[in-house]
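# A look at the structure
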Amino acid sequence: MPDLLFRLPLPDADATARLGQRMAQLVQPGDVLLLEGQIGAGKTHFARSLIQTRLAALNRSEDIPSPTFTLVQVYDAAPEIWHTDLYRLTHPDEAIELGLEEAFDTAICLIEWPDRLADLVPRKALTLRFELADAGASRCVSFLGDADWAERLTDLRDA
């Protein structure tokens, strides 16, 4: 189990979007972000902001739909970005059929409902656990990862 690195309050949707923008600057090929949290906790909003920021850096703009029904949306960026929603998967082998294992090595992967991966979760993944706060009026995100992630996220933590 990864270590709790730190927690950040997200008082509103704009704060969640800003977190996605900041993380867009930090992620690299082969990074896997596991987005945990109940429905409505901010996982898709965060992912959409991260993807839009990466695409904007390439002077591109796209509609960023939730992958709830398609399971995976792949964005042609540098590197590719895979946004997956595994909520409807019933077995980890279905993630293999989607091609996720190969994407883990070369793409930036944003995975909603990562518990569906079971033992396929990459060892070096960063978990972002989104939680409702203030009776649902705001959010909080916990960052869980290894020492490499702790070092990479120092500026974010200290901001």
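You'll find the structure just up there.
Everything numeric in this text was worked out from a predicted model, so none of it was measured.

### Focus: the environment of Ala-17
Position of Ala-17 among the secondary structure elements: in helix α1 (residues 13-26). Sequence-wise, Ala-17 and Glu-131 are 114 residues apart; in three dimensions their C-alpha atoms are separated by 15 Å. Apart from residues no more than four positions distant in its own chain, Ala-17 is found in contact with His-45 and Ser-49.

### What about the pairing of strand β2 (residues 32-36)?
Extensive coverage of β2 is indicated by the burial of 4 of its 5 residues. In the sheet, β2 pairs with strand β5 (residues 108-112) via 4 bridges, with the strands oriented parallel. In the sheet register, Val-32 faces β5, and the bridge partner there is Cys-109. Sheet topology note: the β2/strand β6 (residues 126-133) ladder contains 4 bridges and is parallel. Each residue of the ladder has a partner; that of Leu-35, found in β6, is Leu-128.

### Structural notes on the packing of aromatic side chains
For the structure shown, the criterion picks out 3 aromatic pairs. Considering the side-chain rings of Phe-6 and Phe-143, the 4.4 Å spacing of their centres and the 20° angle between planes classify their relative orientation as stacked. A residue pair is termed long-range when its members are at least 10 positions apart, and Phe-6 in strand β1 (residues 3-10) and Phe-143 in strand β7 (residues 138-145) qualify at 137 residues. Across the pair, Phe-143 and Phe-6 agree in class, each one buried.

### Structural notes on the side chain of Thr-16
Take Thr-16: it is sitting in helix α1. The buried category is assigned to Thr-16, whose relative accessible area is 3%. Not counting residues within four places of it along the chain, the set of residues in contact with Thr-16 comprises Leu-10, Gly-42, His-45, Phe-46 and Phe-130.

### Some points on unusual backbone geometry
For the bond running from Ala-78 to Pro-79, omega is 0°, close enough to zero to count as cis. Mapped onto the elements, Pro-79 comes out in the loop between β3 (72-75) and β4 (81-85). If you check the backbone angles, Trp-113 has positive phi at about 60° while not being a glycine. Of note, Trp-113 is situated in the loop between β5 and β6. Although it is not a glycine, Ala-135 adopts a positive phi angle of roughly 55°. As for its position among the elements, Ala-135 is in the loop between β6 and β7.

Parameters and conventions
- Residues numbered from 1 in each chain as written.
- Predicted model: local features only at pLDDT ≥ 70, side-chain atom pairs only at ≥ 80, totals over all residues.
- Heavy atoms only, no water.
- Helix = DSSP H or I, 4+ residues; strand = E, 2+ residues; numbered from the N terminus.
- Contact = heavy atoms within 4.5 Å.
- Buried < 20%, exposed > 50% of the residue type's maximum accessible area, 1.4 Å probe, protein only.
- Pairing = 2+ DSSP bridges.
- Phe/Tyr/Trp six-rings, centres within 6.5 Å; stacked < 30°, edge-to-face > 60°.

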